[in-house]
Amino acid sequence: MILRFSADARPKGQLGSWSILLISLCSLTSLLDSCRAERTNVGLIFENTNPDLEKIFHLAIEKANEQNEELNLHGVAVSIEPNNAFEASKKLCKMLRQHLVAVFGPSSNMAARHALSICDAKELPFLDTRWDFGAQLPTINLHPHPAQVGVAIKDLVTALGWESFTIIYESGEYLATVNELLKMYGTTGPTITLRRYDLDLNGNYRNVLRRIRNAEDKSFVVVGSLDTLPELFKQVQQVGLLTSSYRYIIGNLDWQTMDLEPYQHADSNITGLRLVSPANEQVLEVAKALYESEEPFQNVSCPLTNSMALIYDGIQLLAETYRHVNFRPITLSCGDDSAWDKGYTLVNYMKSLSLNGLTGQIHFDYEGLRTDFQLEVIELGVSGMQKIGQWSSADGFEMNRPAPAHTLEPDMRSLMNKSFVVVTAISEPYGMLKETADKMEGNAQFEGFGIELIDELSKKLGFTYTFYLQPDNKYGGIDPKTGEWNGMLREIIDHRADMGITDLTMTSERESGVDFTIPFMNLGIAILFRKPMKEPPKLFSFMSPFSGEVWLWLGLAYMGVSISMFVLGRMSPAEWDNPYPCIEEPTELENQFSFANCLWFSIGALLQQGSELAPKAFSTRAVASSWWFFTLILVSSYTANLAAFLTVESLVTPIEDAEDLSENKGGVNYGAKNGGSTFTFFKDAKYPTYQKMYEFMKDHPQYMTNSNQEGVDRVENSNYAFLMESTTIEYITERRCTLTQVGALLDEKGYGIAMRKNWPYRDVLSQAILEMQEQGLLTKMKTKWWKEKRGGGACSDAGDEGGALALEISNLGGVYLVLGVGAAFGVLVSVLEMLLGVKERSTENKVPSMLEGFLGNQYALLCSQPQYSHTHTHTHTRTCTPSEQTQLLTLRMTAGGSRFGCLLFGLCESRRRLSCHVRGQLFCQHLWTD
């Protein structure tokens, strides 16, 4: 903007004021720029598909600022679509205006190259974390140089003794990594085959993999990006290249961040390299802070990628640089030729530093490349990722494989290709028949938690299975009459079944006849009962916000303030008023604070309505002010609590725990399933309450049931509580919204897979179940069958329906009652006042009958003409003169011809007569009605 001033057109004083204003604006702008420059801004451009990069970026800046209080790093992060070079360039140009000292570039190649070219033109340090061969000023590539990674792969191939192998690579940019491998044997050595797996077939690599399978090589070096490797290994497994005949070396340093659980039980030998070690204390500390978990490394995968770790190390390297140098950044723009003259100096200083970070020792060679680093050599096994050695630029590969541990691996292998018969019973959700119109046979007709558990174990251990149903659907125990085992356990003991699975509780009695695996589910006995019923609201629920004691004290305070106002009003001269303003020395004075008016004043303030009374004396105003403040707080507190008491309904349940149930509180009867483990628990219990409950169930067999379903139906339809396992109660209450669990668990036990005594595979199955628990698979399965399948989650959805409910008449009945009583009381008092008035007039006028007085009074009010009389001293009466009557009549016509109009001209009431001052004369008249 250009401002032009004309000396001819403006006075010198005005020109001087404009100069002062311009100088002030320039000074303010300079001050803002200097304040903004005090903060050291660092930029980050990241793909929106990887938000963890931004999280660790800000975490690294926070840690750096904590370690150096004088350092004031500030992160400026923007997200882009993957490989969107235009968006990256546009957002970087916008960031350049914010006094950046360095930029961390995106991980996609196209976007990173564009960002690099802009930073190169502006001489702004660009910190790259990509797998990139080219590194030039002002770039600092923190990633280990790919050529050195190729040397590490070559040393590993040599140490493992591979003579012939196939290199499976993603695209041409990865050939530079395996260049050292191609030079290993020259032209006279063993053949090295190259296979590119990404042929732009929308992620379908099976054709290439089939050709590799049909070739002779059994050893493979795989080099590719993390975007394609998960799908590649999934298809490798599908085409049969993950058997014991094959071995792999993975050349991607992020390989350990993949989900490797599907491959850890494969027979193939899979070896890889990693830059970030989960055993590093610094890595563990950062991962805990980043994922807010004490165990951030789940299963066999490490979620901390190289890019994340390199961004963290890059921030620490920048912070270390600014401990020694402090260059002030400048505002840059993509629209001009501006550049930061300190950028290259800062880059050169950063490349001269050494730092121990998450990726190990960071050191750059004379070309500014990271060629001196250490890698861990890892191997995927059944127990997860295992370190077998390390590689360094100086010493090469050093094998350090730990001694083999004593595991159950041989036993696990012994289940391969074995077939077992499994007996089950119909019990939701452990074993159920599929709901389908098609006719199904064999294993395909069953589904449920127990069915899926056996299926997962078979996939994990390599066995096959056949299900069949227990004919009588009994779980099994010792028959008290015959002393023989029955149910599913009998099938196992007689070798008609190898395993039995359902909601089969592990008890000491059953352990005497069969063996169990470790529990796959822990539970306890609980009480199933209907949900608490809502208590109907009380008639005077509007009084609930205050206790009875508060209401009592409120009444006392009300009376106390009213009496105080009455007494102080009588004592204070300012509260006495002259009823006749025209008479300077009246014989009578009036006081507005009669006792009735004091009560009216106090109740008006309490109900926030006010009144026509206004205190005049300082003493009465002090009392009134304190009362108003008291009512303000009181009414506010009452209003705040009233909504809750009107809308929240109390829940009433006759029983709270087993103690209440044993005493049959509320007439609640109870029972359990006949012959089940729950009934056996009460039978063997030593606790007095449980013994009492057992005696009740034994003496009342009509309350026992033959199945859990029968007990659940009884709970819904009668005043009955059913004792059963807590997990089954969880399943039922997810679907039947009127039922709930009451009280805590009465015991602790578990469900296990039953098998015959001394079966050799028990420990194998137990270890597999333990691994599934650690991996969270059992929890995932429970959520699926409890909350998702077969109508699960219905009650959870119903409970989420929030929002305010409309108040009904039952909530506000007391308010209407108060209104009705108040209105009726007002009518009654009005009638009484009228009758007392008639009686008083009848007595005054000497009417013998009150009824005649009432009728005469009504006739006089409606039909008679006004009579006027004049009183001079109020001690004798005379008839008004004609001139006085004319003046009084004129006054009436002027005032509207009624008593109320006369009042506007200064009428004051004294008993039943009205006195009017007209031109200094005092006239008296009887009440009239026109």
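Use the structure listed above.
If you're wondering where the values come from, they're calculated on a predicted model, not measured in any experiment.

(A) Examining unusual backbone geometry more closely. Cis peptide bonds are those with omega within 30 degrees of zero, and the linkage from glutamate 428 to proline 429 qualifies with -5 degrees. Within the chain, asparagine 83 stands out as a residue other than glycine whose phi angle is a positive 65 degrees. You can call asparagine 83 partly exposed: its relative accessible area is 47%. For asparagine 473, which is not glycine, the phi dihedral falls at a positive 60 degrees. As for its placement among the helices and strands, asparagine 473 is situated in the loop between β19 (464-469) and α14 (487-493).

(B) Just helix α25 (residues 777-788), in detail. When the terminal C-alpha atoms of α25 are compared, their 16 Å separation across 12 residues agrees well with the 16 Å that a helix rising 1.5 Å per residue should span. All buried positions along α25 are accounted for by Leu778, Met781, Trp785 and Trp786. The buried residues of α25 all sit within an arc of 110 degrees when viewed along its axis, so they share a single face. Facing away from the buried side of α25, by more than 90 degrees, are the exposed residues Thr779, Lys780 and Glu788. Where the residues of α25 are buried, they touch β17 (432-433), β18 (446-447), α13 (449-461), β22 (521-523), α23 (726-733) and α24 (762-774). Of the residues flanking the end of α25, it is arginine 790, one or two places downstream, whose phi is positive at about 55 degrees.

(C) Representation of helix α3 (residues 85-95). Turning to α3, its buried residues are Ala85, Glu87, Ala88, Ser89, Leu92 and Met95. Two to three positions downstream of the cap, the backbone nitrogen of phenylalanine 86 sits 3.4 Å from a side-chain oxygen, assigning the N-cap of α3 to asparagine 84.

(D) Examining the sheet that holds strand β20 (residues 499-500) more closely. The sheet built from 5 strands is open, its strands ordered β19-β16-β20-β32-β21 with mixed pairing. The open sheet terminates on both sides in strands that have one partner only, identified here as β19 and β21 (514-516). Pairing of strand β16 (residues 419-424) with β20, which is carried by 2 bridges, proceeds in the parallel orientation. Across the sheet, valine 422 pairs through a bridge with methionine 499, a residue of β20. Relative to the sheet, α13 contacts β16 and β19, its axis offset from that of β19 by approximately 165 degrees.

(E) Representation of the sheet that holds strand β10 (residues 269-274) in the model. Spatial ordering of the open sheet is given by β7-β6-β8-β9-β10-β13-β14-β15, a layout of 8 strands whose pairing is mixed. Every other strand in the sheet has two partners, leaving β7 (192-196) and β15 (396-399) as the edge strands with one partner each. The sheet shows a mean angle of 25 degrees between the axes of neighbouring strands, taken without regard to direction. Summarising the sheet, strand β6 (residues 165-169) and strand β8 (residues 219-223) pair through 4 bridges and their orientation is parallel.

Criteria and thresholds
Residues numbered from 1 in each chain as written. Predicted model: local features only at pLDDT ≥ 70, side-chain atom pairs only at ≥ 80, totals over all residues. Heavy atoms only, no water. Buried < 20%, exposed > 50% of the residue type's maximum accessible area, 1.4 Å probe, protein only. Helix = DSSP H or I, 4+ residues; strand = E, 2+ residues; numbered from the N terminus. Expected span 1.5 Å × (residues − 1). Arc of directions from axis to C-beta. Contact = heavy atoms within 4.5 Å. Polar contact = N/O pair within 3.5 Å; in protein donor to acceptor, adjacent residues only side chain to side chain. Pairing = 2+ DSSP bridges. Axes fitted to C-alpha atoms, helices over the stretch in contact; angles between N-to-C directions.

This is a description of form; function is not addressed.
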